[in-house]
Amino acid sequence: MSWWKEPLVGFDLETTGTDPAESRIVTAALVDTLGGHLELVTNWLIDPGVPIPAEAAAIHGITDDQVRAKGRKPAEAVEEIAEALCARLAAGRPVVAFNAPFDLSLLDAELRRYGLPDLAERLGGSVGPVVDALVIDRSVDKYRKGSRTLQHVCTVYGVELADAHEAGSDALAAVRVAVALGERYPAQVGDLTPDELHGRQAGWYRDWAEGLQSWLRKGKDAEAVVDQRWPIR
């Protein structure tokens, strides 16, 4: 049976910023699905231990007062998130994200911050299979104009995004976009095994990063470097 008809788990973080190496997790969600249908949502609210910048709070709606009152301690919450994510990967359930290098790299950075084993150490090797709806969309519909935010991509594939920038909602939307991509593009996406698709995405991401780096060097920054590693840096 096609992977997009099978169990998948969506993963999303809302954070204090946009740099995976420095930002902290504020909320996290794992969304278990079957064929895009919701089965279970697991959420975490975390006190990141640093002030949440106003510009970040304006996006996800989580304030310092909320995390101080109800947020979990970051080290124990990050351990729980990693344990839950790796349990699903170890069971062979693909993890779906939208821009996986951000969420997975940030989780790894948090694990290292608290002296905890990273994802690869927990899994005894590479992290996967991962399905990155953004990477796939950019590859199969390369020349489509317009934004590639989750909200816009959901519109393209007829996926409802009920509460943008709420981790559970974003994670479920990413899964449903991935399912739509698998159904719409069988030869390129849907008929592959999860491991085959994982390998294809690594190549697609590398090609995209090389192209972006070349474009930046021609116009905006002659020394620009775009990290080519996927799904984790």
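Residues numbered from 1 in each chain as written. Predicted model: local features only at pLDDT ≥ 70, side-chain atom pairs only at ≥ 80, totals over all residues. Heavy atoms only, no water.

Chemist: How would you summarise the packing of aromatic side chains if you had to cite specific residues and measurements?
Modeler: For the coordinates displayed, the defined rule picks out one aromatic pair. Where Y205 meets W208, the ring centres are 5.4 Å apart and the plane angle is 45°; that geometry is what we call tilted. In this pair, Y205 and W208 both sit in helix α10 (residues 194-219), three residues apart, roughly one turn of the helix. Classification of Y205 as buried rests on a relative accessible area of 2%. The aromatic ring of W208 is capped on one face by R138, whose charged end is 3.7 Å from the ring centroid. (Phe/Tyr/Trp six-rings, centres within 6.5 Å; stacked < 30°, edge-to-face > 60°. Helix = DSSP H or I, 4+ residues; strand = E, 2+ residues; numbered from the N terminus. Buried < 20%, exposed > 50% of the residue type's maximum accessible area, 1.4 Å probe, protein only. Lys NZ or Arg CZ within 6 Å of the ring centre and 35° of its normal.)

Chemist: Outline the layout of surface pockets, supporting the account with residue identities and numerical values.
Modeler: The computed volume of the largest pocket comes to approximately 640 Å³. For the largest pocket, the lining is made up of 26 residues, of which L13, E14, N99, F102 and H165 are closest to its centre. Only β1 (7-15), α1 (54-60), α4 (100-113), α6 (133-140) and α7 (150-156) provide two or more residues apiece to the lining of the largest pocket. Along the lines of polarity and charge, the residues of the lining of the largest pocket split into 10 nonpolar, nine polar and seven charged. In this structure, the second largest pocket spans a volume of roughly 310 Å³. (1 Å grid on protein atoms, 1.4 Å probe; cavity = no way out; pocket = protein on both sides within 12 Å on 5 of 7 lines; lining within 4 Å. Points joined across faces, edges and corners; volume = space filled by probe spheres on them. Nonpolar A, V, L, I, M, F, W, Y, C, P; charged D, E, K, R; others polar.)

Chemist: An account of the sheet that holds strand β3 (residues 37-45) is needed here, citing residue identities and associated values.
Modeler: Spatially, the five strands line up as an open sheet ordered β3-β2-β1-β4-β5, and their pairing is mixed. Each edge of the open sheet is held by one strand with a lone partner, namely β3 and β5 (130-132). With strand direction ignored, the average angle separating the axes of adjacent strands in the sheet is 25°. Of the strands in this sheet, β1, β2 (25-34), β3, β4 (95-97) and β5 are in contact with helix α8 (residues 167-184), which crosses β1 at around 135°. (Pairing = 2+ DSSP bridges. Axes fitted to C-alpha atoms, helices over the stretch in contact; angles between N-to-C directions. Contact = heavy atoms within 4.5 Å.)

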